[in-house]
Amino acid sequence: MVLSRGWALFLVGVGVWTWVIWPRFGVAIWNDPRSWASGTVGEGTPTGFLWVHALLIAASLAIGTTVGVLGIRGWLAARRRTDRP
């Protein structure tokens, strides 16, 4: 498959966006009293609310990383195609 530079750049942007947004969301979930059985942040056992969101964040970061890497590889391949004589 041939990926244009524009699409490669888009995929890199999606990967960067993922790493900008999801860690901040993770901090918000961690600081949410619903994440802890005691209702106090960081105290007690984690609730299902925290675990479900942690899985969502981990999956999103893995997918975003994969998409970003594919974008970088596509960008480099497009550059190699244009560098040939």
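Definitions and limits used
Numbers given to residues run from 1 along each chain, matching the order in which its sequence is written. pLDDT decides what is reported in this predicted model: residues at 70 or higher carry local features, side-chain atom pairs at 80 or more are listed and counted, and totals for whole chains, interfaces and linings draw on all residues regardless. Only hydrogens and water are removed before side-chain values are computed, so all heavy atoms of the structure are retained for them. We count a stretch as a helix when DSSP gives it H or I for four or more residues in a row; a strand needs E for two or more, and each element gets its number in order from the N terminus. For this measure, only C-alpha atoms enter the radius of gyration; the expected value for a globule follows 2.2 Å times N^0.38, where N is the number of residues. Residue exposure (1.4 Å probe, protein chains only): buried if accessible area is under 20% of the type maximum, exposed if over 50%, otherwise partly exposed. Pairs of residues are marked as contacts when any of their non-hydrogen atoms sit within 4.5 Å. Accessibility throughout is a Shrake-Rupley quantity obtained with a 1.4 Å probe, and a residue counts as covered only by protein chains that appear here. Whenever Lys or Arg places a side-chain nitrogen within 4 Å of a carboxyl oxygen from Asp or Glu, that contact is recorded as a salt bridge. A residue counts toward a patch only above 30% relative accessible area and without a salt bridge, and it is joined to like-charged neighbours within 9 Å or, for Val, Leu, Ile, Met, Phe, Trp and Tyr, to nonpolar neighbours within 5 Å. The convention is simple: Lys and Arg are positive, Asp and Glu are negative, and His and the chain ends are not counted. One atom stands in for each charge, and that atom is NZ of Lys, CZ of Arg, CG of Asp or CD of Glu. Two aromatic rings from Phe, Tyr or Trp, using only the six-membered ring of Trp, form a pair when their centres are within 6.5 Å; if the ring planes differ by under 30 degrees the pair is stacked, by over 60 it is edge-to-face, and anything between is tilted. Placement of a charge over a ring requires the Lys NZ or Arg CZ to be within 6 Å of the ring centre, with the centre-to-atom vector within 35 degrees of the ring normal.

Attention now moves to the overall build of the protein. Helix and strand counts for the protein stand at two helices and zero strands. Against the compact-globule benchmark of 12 Å for 85 residues, the protein has a radius of gyration of 19 Å, which places it well outside the compact range. With the C-alpha coordinates of the protein rotated into their principal frame, the extents come out at 65 × 15 × 15 Å. Across the 85 residues that make up the protein, the buried fraction comes to 22%. For the protein, the share of sequence-separated contacts (at least 6 apart) that also reach a separation of at least 24 residues comes to 55%. Surface summary for the protein: the accessible area is close to 6000 Å², and the carbon and sulfur share equals 71%.

With that settled, consider the pattern of salt bridges. Summed over the entire model, instances satisfying the criterion amount to one salt bridge. We note a salt bridge from Arg34 to Asp32, for which the minimum N-O separation is 2.6 Å. Note on Arg34: relative accessible area 54%, which makes it exposed. On the basis of relative accessible area, Asp32 is assigned to the buried category, the value being 14%.

With that settled, the discussion passes to a positive patch on the surface. A cluster of basic residues, Arg5, Arg73, Arg79, Arg80 and Arg81, forms a positive patch on the protein surface. When residues of the positive patch are assigned to their parent elements, the largest contribution, four residues, is made by helix H2 (residues 48-83). Of note, Arg79 is situated in helix H2.

A few words now on the packing of aromatic side chains. Following the criterion strictly, the structure yields three aromatic pairs and no others. Relative to Phe25, the ring of Trp22 lies with its centre 5.4 Å away and its plane at 85 degrees, an arrangement referred to as edge-to-face. Of this pair, Trp22 and Phe25 both sit in helix H1 (residues 5-30), three residues apart, which is roughly one turn of that helix. One residue, Arg5, lies across the ring of Trp75, its end atom 5.1 Å from the ring centre.

Looking at the element boundaries, Ala78 is found in helix H2. C-alpha of Ala78 to C-alpha of Arg5: the two residues are 73 residues apart in sequence and 6.2 Å apart in space. With residues up to four places along the chain from it excluded, the contact list for Ala78 reads Leu3 and Arg5.

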